[in-house]
Amino acid sequence: MHRRRRRLFRPLPLATAAALVAVAAVAVPQLTPGASAATTLRGYADGRGVRIGAAVGDTPLTSDSSYVSVLDREFNSVTAENAMKWDALEPSRGTYNWAAADRLVNHAVAHDQGVRGHTLVWYSQLPSWLKNGNFSASQLNTLLKKHIDTTVGRYRGKVYAWDVVNEAFNEDGSMRGSLWQTELGTGYIANALRWAHAADPAAKLYINDYNIEADNAKSDALYALARQLLAQGVPLHGIGFQSHFVVGQVPASMKANLKRFSDLGLEVSVTELDIRVPLPASAAELARQSADYKLASENCLGVKRCAGVTVWGVSDTYSWVPGTFAGYGAALPYTEHYAAKPAYTGLSNGVNPKA
Ligand code: XIL
């Protein structure tokens, strides 16, 4: 088990940081400006009190030291790419496998990184015993509550935000016909948020989805639901915008759309950013991708309650994109050999408030 020590994210106050810089400039005048760790993504993010995160797979975490050194140098937040999904945690009923999730949480604690929990209620990556179990509504309700109590409870104080509900909507704004929606009705969302809040009152609780970055039917439906949940006093704290983009297609309405959620008093976060390009990636497309990384990250960080930006992987080596979107790839800021791509510079300029 982990220690139950609580870690809170406390960025260095800007005044203190400025004072330290001033002292350093006097004491060590030969310091090269721009050579400090402040020029990393996490240096910039720490400086403005936001998160820059990466989705982390258990394989690279445990087997690829180049990956891990980039992860720890550049990112102050991690999301388990798969290890906290229900099929990974409870492959057979009542038998839990916490090993990979614990490894990531322990790694994060050891490297001063926050953890985004992903994800508690989703239609996908459910264990087959659950999917095919023909459970009644009341049994499913009990199973879902137990899953949330157990999972959120285990990492209480160590996960700063949870994607409680993932991908609940169809593109036209209707509710997706998931197991949960079909058997329990839309009320499962409020229940899941309430249970998660009871299990860890300090964690920020999110609804997360894709294709909600633009102002469109899907984001309108989510906006209506979010307003309703807030009016009912349901503990909803944030909206996660996955942001799996195609190069050249960062929506023009993204910033205004995030702002309308922020104006409800909700946090907004970009939670799964990647920007895929047609393969083989040309220099022109990689340059366009760089501009898109800057734009997408600024679209969040320029909004009042943006808590941060997470990219869905570190290097193109392990990205889910080529296996999911035929003909596309090269979606992340680092090459397969851990060279920073133009996309890295774009992201860095988006996160650096002075760029
Ligand atoms: C993806 C992972 O990256 C893959 O490794 C896995 O095979 C499937 O799931 N939206 C989400 C993420 O919320 O959990 C998905 O992650 C990508 C789309």
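For the structure, see preceding data.
Residues numbered from 1 in each chain as written. Predicted model: local features only at pLDDT ≥ 70, side-chain atom pairs only at ≥ 80, totals over all residues. Heavy atoms only, no water.

1. Remarks on the overall build of the chain
Counting secondary structure elements, the chain contains 15 helices and 10 strands. Burial statistics for the chain: of 355 residues in total, 53% are counted as buried. When contacts within the chain are restricted to residue pairs at least 6 apart in sequence, those whose partners lie at least 24 apart make up 78%. Accessible surface computed for the chain: about 14900 Å², of which carbon and sulfur atoms make up 54%. (Helix = DSSP H or I, 4+ residues; strand = E, 2+ residues; numbered from the N terminus. Buried < 20%, exposed > 50% of the residue type's maximum accessible area, 1.4 Å probe, protein only. Contact = heavy atoms within 4.5 Å. Areas by Shrake-Rupley, 256 points an atom, 1.4 Å probe, with all protein chains shown as cover.)

2. Let's talk about the site of the ligand
Taken together, 13 residues sit near the ligand, with Glu81, Lys85, His118, Glu272 and Trp312 positioned nearest. Gln125 places a polar side-chain atom, nitrogen or oxygen, 3.2 Å from an oxygen atom of the ligand. Between the ligand and the protein, one listed contact pairs a nitrogen atom with a side-chain N or O atom of Glu167 at 3.1 Å. Alone, the ligand offers 410 Å² of accessible surface; in the complex the protein occludes 78% of this. Split into classes, the residues belonging to the shell around the ligand amount to three nonpolar, six polar and four charged. (Near = heavy atom within 4 Å. Polar contact = N/O pair within 3.5 Å; in protein donor to acceptor, adjacent residues only side chain to side chain. Nonpolar A, V, L, I, M, F, W, Y, C, P; charged D, E, K, R; others polar.)

3. Details of the pairing of strand β5 (residues 204-209)
The element β5 is extensively covered by neighbouring structure, given that five of its six residues are classed as buried. Pairing between strand β4 (residues 161-166) and β5: five bridges, direction parallel. Bridge pairing in β5 links Asp163 to Tyr206. This β-α-β element, β5 to helix α11 (residues 217-231) to strand β6 (residues 238-241), shows right-handed connectivity. (Pairing = 2+ DSSP bridges. Right-handed = clockwise from strand over helix to strand, strands pointing away.)

4. Considerations on the state of the cysteines
For the coordinates displayed, the defined rule picks out one disulfide. Residue pairing for Cys300: its cysteine sulfur links by disulfide to Cys306, the two sulfurs lying 2.2 Å apart. In this structure the cystine formed by Cys300 and Cys306 twists about its S-S bond by roughly 105°; its chirality is therefore right-handed. Of the two residues examined, Cys300 and Cys306, each falls in the buried class. (Disulfide = S-S within 2.5 Å.)

5. Looking at helix α12 (residues 254-262)
Residues of α12 that are buried include every one of Met254, Asn257, Leu258, Arg260, Phe261 and Ser262, and no others. Elements that come into contact with the buried residues of α12 comprise α11, β6, β7 (244-246), β8 (267-278) and α13 (283-301).

6. What to know about unusual backbone geometry
The omega torsion of the bond from His118 to Thr119 falls at 0°, within 30 degrees of zero and hence cis. Of note, Thr119 is situated in strand β3 (residues 114-121). With omega at -5°, the peptide bond leading from Leu279 into Pro280 counts as cis. When you line up the elements, Pro280 lands in the loop between β8 and α13. Phi is positive for Gln125, which is not a glycine, with a value near 50°. Residue Gln125 is classed as partly exposed on the basis of its relative accessible area, which comes to 27%.

7. Focus on the side chain of Asn257
Note that Asn257 resides in helix α12. Exposure remark for Asn257: the relative accessible area of 1% places this residue in the buried category. A polar contact is formed between the side chain of Asn257 and the side chain of Arg260, at a distance of 2.8 Å.

8. Quick look at the packing of aromatic side chains
Summed over all chains, the structure comprises 11 aromatic pairs. Measuring from centroid to centroid gives 5.6 Å for Tyr67 and Tyr318, while their planes differ by 90°, and the two rings are edge-to-face. Of this pair, Tyr67 sits in helix α4 (residues 65-74) while Tyr318 sits in the loop between β9 (306-311) and α14 (321-324); the two residues are 251 residues apart in sequence, bridging distant segments of the chain. You can call Tyr67 buried: its relative accessible area is 2%. Here the aromatic rings of Phe241 and Phe261 are separated by 5.6 Å at their centres, their planes lie at 75°, and the arrangement is edge-to-face. (Phe/Tyr/Trp six-rings, centres within 6.5 Å; stacked < 30°, edge-to-face > 60°.)

9. Digging into the environment of Pro280
Owing to a relative accessible area of 77%, Pro280 belongs among the exposed residues under this scheme. For the pair Pro280 and Gly329, spaced 49 residues apart in the sequence, the C-alpha separation amounts to 8.2 Å.

10. Points about the pattern of salt bridges
This structure, assessed with the given rule, holds 13 salt bridges. A salt bridge links Arg103 to Asp58, with the shortest nitrogen-to-oxygen separation between them at 2.9 Å. Of the two residues, Arg103 is situated in helix α6 (residues 99-110) and Asp58 in helix α3 (residues 58-63); the sequence distance between them amounts to 45 residues. For Arg103, a relative accessible area of 38% puts it in the partly exposed group. For the salt bridge of Lys145 with Asp149, the shortest nitrogen-to-oxygen distance reads 2.8 Å. Separated by four residues within a single helix, Lys145 and Asp149 lie in helix α8 (residues 137-154), roughly one turn from each other. Exposure remark for Asp149: the relative accessible area of 31% places this residue in the partly exposed category. Within the structure, one salt-bridge network assembled from shared partners comprises Glu171, Asp209 and Lys218. (Salt bridge = Lys/Arg side-chain N within 4 Å of Asp/Glu carboxyl O.)

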